[in-house]
Amino acid sequence: MSGTVVSMPERVREAAPGPATTPPRRRLLRSRRRAGLLMVAPALLHATIWIGIPLVAAVVLSFTSYDVLTPPRFVGLENFRDLFGDDVFRRAVLNTSIYTFFTVPVAMAIALLIALMLNTKLTGRAIFRTAIFIPQVTATIAVALVWLWIYDPRSGLANAVLSFLGLSGPNWLSSTSWAMPAVIAVGIWQGIGLKMLIYLAALQSLPAELYEAASVDGASKVRQFFSLTLPLLKPATFFVFVTSVIGAFQSFDQVYILTDGGPANSTTMMTYEIYKSAFREFRMGYACAQSLVLFALLLVLTLVNRRITGGDRGSR
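Quick notes on the rules
Residues numbered from 1 in each chain as written. Predicted model: local features only at pLDDT ≥ 70, side-chain atom pairs only at ≥ 80, totals over all residues. Heavy atoms only, no water. Buried < 20%, exposed > 50% of the residue type's maximum accessible area, 1.4 Å probe, protein only. Helix = DSSP H or I, 4+ residues; strand = E, 2+ residues; numbered from the N terminus. Arc of directions from axis to C-beta. Contact = heavy atoms within 4.5 Å. Core = buried A, V, L, I, M, F, W, Y, C linked by side-chain atoms within 4.5 Å. Axes fitted to C-alpha atoms, helices over the stretch in contact; angles between N-to-C directions. Parallel < 35°, antiparallel > 145°, perpendicular 65-115°, else oblique. Left-handed = near helix turned anticlockwise from the far one by under 90°. Nonpolar A, V, L, I, M, F, W, Y, C, P; charged D, E, K, R; others polar. pLDDT = per-residue confidence, 0-100. Phe/Tyr/Trp six-rings, centres within 6.5 Å; stacked < 30°, edge-to-face > 60°.

A. Region of interest: helix 10 (residues 221-232). Here helix 10 has its buried residues at Gln224, Leu228 and Thr229. Summarising the axial view, the buried residues of helix 10 lie within an arc of 85°, below the 170-degree limit, and thus occupy one face. Across helix 10 from its buried face, at more than 90 degrees, point the exposed residues Val222, Arg223 and Phe226. Where helix 10 is buried, its residues meet helix 4 (87-118), helix 8 (179-204) and helix 9 (208-216).

Written as structure tokens, this is what we have:
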């Protein structure tokens, strides 16, 4: 053959785009990267200043003796040794666990039930949604003050209702037996709104075709709930559970207003003990050690729940 034979590598080189097209694309990618960094820069700056630096400072101060007035003095693991030998803090961990154990699942169950009802064609749904969500956006101090009146043993609403039913009401916030249930009731009532809203949004995003197919196959509403709704709500349930546990472990305002940790430390919480150590006793290093224990507990609970439920992979 008299024609010129072109080898395969030469053909590939001829077909490949020339280097002149590469620099503009790289410049475009760099400009997009810079634009993205500029967009997230405020959030990164905020997280660094208000989360990163305080977290590092808490870790450092947890190994010191610091009372604000004098320079920190390194004490090693002394704060942690004192911490695990502190009967009051152990009681606070137990109370926080009890509070979380009762408030989180009960509030989640009630919120899911309300979300299921509000997901139907119910008359006045908007009014009900607003009324249920209002406690969530109301200041916790204001909510605690209202419940302080409700639990008043002489003129409170709770004992007035019990008296109407012929029952004798207890001294709710002054009794070691009733103070914690009273605080738990407030936590459940105030936490329903946000959980309901998240569940409602998740329910409205579920594919209707699955329920239509299940109805055609003869599945009852109860069977659809357990076989379709609950599995499909697993990502929302994981999110609600994690945020609810974190919120329960950080409960402070209602305890501070309603009981001040009493009576006899029956309602003291971990956050309340951290507050007392830092701002009443001025033991900042000890308070930082308590904060790290709280952080570790929350991290472990989150990882365990993610392992059990599969986290956000539930719907995949």
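Having seen the structure, we can now continue with the description.
B. Representation of the nonpolar core in the model. Counting residues in hydrophobic clusters, the biggest one holds 56 residues, and the most contacted among them are Tyr151, Met196 and Tyr199. Broken down by secondary-structure element, the contributors of at least two residues to this core are helix 4, helix 6 (140-150), helix 8, helix 9, helix 11 (234-249), helix 12 (253-258), helix 13 (270-280) and helix 14 (284-309). Here this core takes 12 residues from helix 8, the largest share from any one element. If sequence neighbours within four positions are ignored, Tyr199 has contacts with Met108, Ala111, Leu112, Ala115, Leu233, Thr237 and Val240.

C. The packing of helix 6 against helix 8, seen in detail. Viewed as axis vectors pointing N to C, helix 6 and helix 8 meet at an angle of 130°, and their least axial separation amounts to 11 Å. When the axes of helix 6 and helix 8 are compared, the pair comes out oblique. In terms of crossing hand, the pair formed by helix 6 and helix 8 is right-handed. In contact with Thr140, Val143 and Trp147 of helix 6, helix 8 contributes Val186, Trp189 and Gln190. Grouping the amino acids of the contact of helix 6 with helix 8 by side-chain chemistry returns four nonpolar, two polar and no charged.

D. Seen up close, the confidence of the model for the protein chain. Looking at the protein chain as a whole, the pLDDT averages 86, with 91% of positions reaching at least 70. This stretch, residues 1-6, has a pLDDT under 50; its non-local contacts, to residues over four places away or in other chains, come to two contacts.

E. Up close: the environment of Ser277. Position of Ser277 relative to the elements: it lies in helix 13. Judged by its relative accessible area of 3%, Ser277 falls in the buried class. Through-space distance from the C-alpha of Ser277 to that of Cys288 is 9.1 Å; in sequence the pair is 11 residues apart. Discounting chain neighbours no more than four positions away, the residues touching Ser277 are Phe282, Arg283, Met284, Tyr286, Ala287 and Gln290.

F. Fine view of the packing of aromatic side chains. Scanning the entire structure with this criterion turns up 13 aromatic pairs. With 5.2 Å between their ring centres and 90° between their planes, Phe101 and Phe102 make a pair best called edge-to-face. The exposure class assigned to Phe102 is partly exposed, which follows from its relative accessible area of 40%. Ring plane angle 80° and centroid distance 5.1 Å describe the contact between Phe225 and Phe226, whose orientation is recorded as edge-to-face. Classification of Phe226 by relative accessible area gives exposed; the value is 53%. Chaining the aromatic ring pairs together yields one cluster made of Trp147, Tyr151, Trp172, Trp178 and Trp189.

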